[in-house]
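# Fold and geometry: a report
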Amino acid sequence: MFYTSTRGDNNKVTAAQAIVKGLAPDKGLYTPESIPVLSQQEQSNIPNMSYKQVANLVFSKFLTDFTNEQIDNCINNAYDNTFDNDEVAPLYKLNELTQILELWHGPTCAFKDVALQILPHFLTTAIDITNEKNDIAIIVATSGDTGKAALEGFKDVKGTKIVVMYPNTGVSLIQKQQMITQDGENVHVIAIKGNFDDAQTAAKNIFTNTELNEKLLQNHTKLSSANSINWGRLLPQIVYYVKSSFDIAQGDIDYVVPTGNFGNILAGYYAKMMGAPIGKLICASNSNNVLTDFIKTGVYDKRREFLKTLSPSMDILISSNLERLLYEISGHDSTLINSLMTELDTNGYYELPATLKEKMQQLFVAECASDIETQQAIAQCFNKYNYLLDTHTAVAYYVLEKLNNNNPTVIVSTASAYKFPTGVYTALKDCHPTVDEYQLLKDLESLTNCEIPKPIQNLEQKAVLHTLLCDKTDIDATITKLI
Ligand SMILES: *Cc1c(COP(=O)(O)O)cnc(C)c1O
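Residues numbered from 1 in each chain as written. Predicted model: local features only at pLDDT ≥ 70, side-chain atom pairs only at ≥ 80, totals over all residues. Heavy atoms only, no water.

## Describing the overall build of the chain
To be explicit about the condition: Helix numbering and strand numbering both begin at the N terminus, where a helix is a DSSP run of H or I of at least 4 residues and a strand a DSSP run of E of at least 2. Radius of gyration means the value over C-alpha atoms here, while the globule rule gives 2.2 Å times the residue count to the 0.38 power. Only protein chains enter the accessibility calculation, which uses a 1.4 Å probe; a residue whose area is less than 20% of its type maximum is buried, one above 50% is exposed, and one in between is partly exposed. Any two residues having at least one pair of non-hydrogen atoms within 4.5 Å are treated as being in contact. Only the protein chains shown count as cover for residues, and the accessible areas themselves come from Shrake-Rupley with a 1.4 Å probe.
What the chain contains, in helices and strands, is 21 helices and 15 strands. The C-alpha radius of gyration of the chain comes to 21 Å, within 12% of the 23 Å expected for a compact globule of 483 residues. Expressed along its principal axes, the backbone C-alpha trace of the chain runs to roughly 60 × 55 × 50 Å. Across the 483 residues in the chain, those meeting the buried criterion constitute 59%. Taking the intrachain contacts of the chain between residues at least 6 apart in sequence as the baseline, contacts between residues at least 24 apart amount to 75%. Carbon and sulfur atoms form 46% of the exposed surface of the chain, whose accessible area is close to 18,300 Å².

If you want it as structure tokens, here you go:
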């Protein structure tokens, strides 16, 4: 299996090369040449398989240059004893039609752990396979959760360094504290004066800055990415769609996914194309509803105000992984992708050709929720089911209610409520707006009787190790200095 760039760079690469490089030289995203399909036999085996076995089945179809033993080593290193639930991604039955897929049982309490616990092992294995002699420096732009999950995954991994950039005022206090207290010899954390899109654009520019890359290479360092532009980030997410849809076994299951960068929901699309029993993929956005508008109208228009919401990990106006979906549904038409992405860069918007819009609408449905609606959803779900949603999952819950869907549906739950205590607590109970967020954790625990996850307990007592604050214009220089 080879991988090609969405923007038409003619060099096919292997899976190992795609993972080491992260982003293609033409700024496109590496995408598998074809999507492997699960045989009838494999499909009927899945309900009797463990999460790790399904992971092996899915990975071996995409990572054809890895040995089975290498794949199993990656899986064991990633998922043995790192999640507080052996199933990695357990289902919780809310009612006859609705299940919640809990993806936040990992070390940082967000779904990013599922991919970022294994990506460092994919990467070090890929370095061996490709005989890469240089150190790898991982550059991460984060809207909050990726940063911490990547730091946890990569800390003290031999042959790697990691630099995380986060928007200084765009993440929750808990998210920030998780990042700036990160230990490890090879980790750097920078606050950016800007929003997530600024950080992501800066990261992309660093990858394609030839001069900077040459300078780094003289120091025996190559850059790679741990954002979902890296295929090694997306691939692990396919597993939980495959496993949960076969496990539920109620025909085609719809999935409602709280979406920002379109990575998680895209993994659902790949699972469906592999033959998993998946119906509609429902894209749930917060007030930064650029994707809702796009799926409804076929016009992607980022020319709008960037809003800070209660679900900060979805505060994104430039959804990177959409490019992979358009590449897939256009039959790998890289000329089209190039012109759409150029239009987005120069004019701030593009419109899909009608045939592609129809194809997209057969696969995806979209709705959005405001902050008030998000908080209503948290209160409603808690009062009705005694189940505590975080502010991102609540967007999905609201959207599902709004659509009045009568099919069996999975709500993809992306974070623990304790990562976003202010938004969650104030949804359930009035409180003084100046109450300290650490106190709120305890208040939320006594109000709901849901236990604070271990990684968040005692967070405020940890020593702050990272204090760099950087202007947008100084990012390149700062990163060069650090690595
Ligand atoms: C990252 C994140 C999302 C959005 O996921 P995408 O793959 O960017 O669409 C949603 N919820 C939480 C809690 C996240 O951390």
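## Notes on the sheet that holds strand 15 (residues 468–471)
This is how the line gets drawn: Pairing between strands requires that DSSP locate at least two bridges from one strand to the other. Inter-axis angles, ranging from 0 to 180 degrees, are taken between N-to-C directions of lines fitted to C-alpha atoms, where helices are fitted over the stretch in contact.
One open sheet accounts for five strands, arranged 8-5-6-7-15; its pairing is parallel. Each of the sheet's edge strands pairs with one partner strand only, and the pair in question is strand 8 (221–225) and strand 15. Here the strands of the sheet are splayed against their neighbours by 30° on average, with no regard to which way each runs. Of the strand pairs in this sheet, strand 7 (residues 187–193) and strand 15 are connected by four bridges, and their pairing is parallel. Residue pairing in the sheet places A191 in a bridge with L469 of strand 15. Contacting strand 5 (135–141), strand 6 (160–167) and strand 8, helix 9 (residues 196–208) runs over the sheet at an angle of about 155° to strand 5.

## Brief notes about the sheet that holds strand 9 (residues 253–258)
Read across the open sheet, the six strands follow the order 3-4-14-9-10-13; overall the sheet is mixed. Unpaired on one side and paired on the other, strand 3 (91–93) and strand 13 (364–368) mark the two borders of the sheet. Each neighbouring strand pair of the sheet contributes to a mean axis angle of 25°, computed without reference to strand direction. The strands touched by helix 16 (residues 354–363) within the sheet are strand 10 (278–285) and strand 13, with strand 13 carrying the most contacts at an inclination of about 75°.

## Structural notes on the packing of helix 13 (residues 290–297) against helix 16
Just so we agree on the cut-off: Small angles under 35 degrees read as roughly parallel and large ones over 145 as roughly antiparallel, with 65 to 115 read as roughly perpendicular and the rest as oblique. The residue classification treats Ala, Val, Leu, Ile, Met, Phe, Trp, Tyr, Cys and Pro as nonpolar and Asp, Glu, Lys and Arg as charged. All others, Gly included, are polar.
Taken N-terminus to C-terminus, the directions of helix 13 and helix 16 make an angle of 115°; their axes are 8 Å apart at the nearest point. Accordingly, the angle class assigned to the pair helix 13 and helix 16 is roughly perpendicular. Together, F294, I295, K296 and T297 of helix 13 and K357, M360 and Q361 of helix 16 make up the contact between the two elements. Tallied by class, residues from the contact of helix 13 with helix 16 come to three nonpolar, two polar and two charged.

## Remarks on the packing of aromatic side chains
Applicable threshold: Ring pairs are drawn from Phe, Tyr and Trp, using the six-membered ring of Trp, whenever the two centres fall within 6.5 Å, and their geometry is named by plane angle: stacked under 30 degrees, edge-to-face over 60, tilted for the rest.
The tally for this structure, following the rule as stated, stands at 15 aromatic pairs. With a centroid separation of 6.2 Å and 85° between ring planes, the pair formed by F66 and F122 is classed as edge-to-face. Within this pair, whereas F66 is found in the loop between helix 3 (51–62) and helix 4 (68–79), its partner F122 is found in helix 6 (residues 119–129), the two being separated by 56 residues in sequence. Residue class for F66 comes out buried when judged on its relative accessible area of 7%. Plain terms: the ring middles of F262 and F364 are 5.4 Å apart, the flat faces sit at 45° to each other, and that makes the pair tilted. Taken together, the residues F262 in the loop between strand 9 and helix 12 (263–273) and F364 in strand 13 connect sequence positions 102 residues apart.

## A word on the site of the ligand
What counts is decided by this rule: In this text, near means that some heavy atom of the residue lies within 4 Å of the molecule or strand in question. Polar contact criterion, stated in full: a pair of N or O atoms within 3.5 Å, where within protein one must be able to donate a hydrogen and the other to accept it, and residues adjacent in sequence count only if both atoms are side-chain atoms.
For the ligand, the set of nearby residues contains 15 residues, the closest of which are K112, D145, G260, N261 and T414. Backbone polar atom of F262 to an oxygen atom of the ligand: 3.2 Å apart, as the coordinates give it. Here an oxygen atom of the ligand sits 2.9 Å away from a polar atom, N or O, in the main chain of N264.

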